[in-house]
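# An overview of the molecular structure
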Amino acid sequence: ILQNGWISIYWKELFLRSDLEWFKEENYSIIDFDCKQWANQNVMQAQFKQKFDFPDYYGENLDALNDCLSYMKIKKTGMVVVFRHFDVLDTKIAHTILDIFANNARIQMLFGCRLITLIQVYNPDFQISPIGATPVVWNQQEWLKSIRK
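Residues numbered from 1 in each chain as written. Predicted model: local features only at pLDDT ≥ 70, side-chain atom pairs only at ≥ 80, totals over all residues. Heavy atoms only, no water.

## Considering helix α4 (residues 91-109)
Going by this rule: Helix and strand definitions follow DSSP, with helices as H or I runs of at least four residues and strands as E runs of at least two, each counted in order from the N terminus. Each residue after the first adds 1.5 Å to the expected span of a helix. In protein, a polar contact requires one atom able to donate a hydrogen and another able to accept it; more generally it is a pair of N or O atoms within 3.5 Å, and residues adjacent in sequence count only if both atoms are side-chain atoms.
For α4, with 19 residues, the first-to-last C-alpha span of 27 Å sits near the 27 Å given by 1.5 Å per residue. At the N-terminal boundary of α4, the capping side chain belongs to Asp90, with an oxygen 3.1 Å from the backbone nitrogen of Lys92.

## Some remarks on the sheet that holds strand β4 (residues 115-120)
Spelled out, the test is: Between any two strands, at least two bridges found by DSSP are needed for them to pair. The contact rule is simple, with two residues in contact once any of their heavy atoms fall within 4.5 Å. Comment: axis = line fitted to C-alpha atoms, over the contacting stretch for helices; angle = value between 0 and 180 degrees taken between N-to-C directions.
Taken together, the 5 strands give an open sheet; going across it, the order is β2-β3-β4-β1-β5, and neighbouring strands pair in parallel fashion. Edge positions in the sheet fall to β2 (28-34) and β5 (137-138), since each of these pairs with one other strand and no more. Pairing between strand β1 (residues 7-10) and β5: 2 bridges, direction parallel. Counted as the bridge partner of Ser8 is Val137 from β5. Packing of helix α1 (residues 13-25) onto the sheet brings it into contact with β1, β2, β3 (78-84) and β4, and relative to β3 it is tilted by some 160°.

## Overview of the side chain of Glu142
Quick note on the threshold: Each residue's exposure class comes from its accessible area (1.4 Å probe, protein chains only) as a fraction of the maximum for that residue type: buried when under 20%, exposed when over 50%, partly exposed otherwise. Positive charges come from Lys and Arg alone, negative charges from Asp and Glu alone, with His and the N- and C-terminal ends not counted. The salt bridge criterion pairs a side-chain nitrogen of Lys or Arg with a carboxyl oxygen of Asp or Glu, the two atoms within 4 Å.
Tracing the sequence through the fold places Glu142 in the segment after β5. No salt bridge is formed by the buried Glu142; the nearest opposite charge belongs to Lys12, separated by 5.4 Å. Ignoring sequence-local partners within four residues, the contact set of Glu142 consists of Ile9, Tyr10, Trp11, Lys12, Phe15, Ile147 and Arg148.

## Overview of the nonpolar core
The test is simple: The nonpolar core is taken to be a set of buried Ala, Val, Leu, Ile, Met, Phe, Trp, Tyr and Cys residues, with the residues joined through side-chain atoms within 4.5 Å.
Counting 41 residues, the largest nonpolar core has Phe48, Phe52, Phe83 and Phe86 as the members making the most contacts within it. Contributing elements (two or more residues each) for this core: β1, β2, α2 (41-51), α3 (62-71), β3, α4 and β4. Looking at this core, the element that brings in the most residues is α4, giving 8 residues. Judged by nonpolar contacts, the second largest core, of 10 residues, contains Tyr10, Phe23, Tyr28 and Leu118.

## A few points about the environment of Val43
You can see Val43 is positioned in helix α2. Put simply, Val43 and Glu60 are 17 residues apart on the chain and 9.7 Å apart in space, counted from C-alpha to C-alpha. Each residue touching Val43, except ones within four places of it in the same chain, is listed here: Gln37 and Trp38.

As structure tokens, then:
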């Protein structure tokens, strides 16, 4: 998965489920979000705080998310963050979130830790502009567009 960057896109639940099972078997911790539940940024930030077990002083904004992720200690083999229904998010917010996670994946690698982000979408034609200098690409099973038809 990491051969094409820190983030992979999934359309078919089958492929996502299969890869998540592999990560579980390899002792990765998995944090799963359903973006359809994010009626507003307050809900999104509350879920970040709760699922990542951020401290009480977490500022509940994207800058605070970036700060807390950069100090987070990853245990086990690594951490996989899953964003389901990611294509319901506003494009600018979606891009910013992925940029924050990609930046922190690079930071974590400096300490030998793996932070991987998987996004699941319902639009088989979903695209997002490159994150940092790295494009976000489809997972290996759905890389060819003909498979997503």
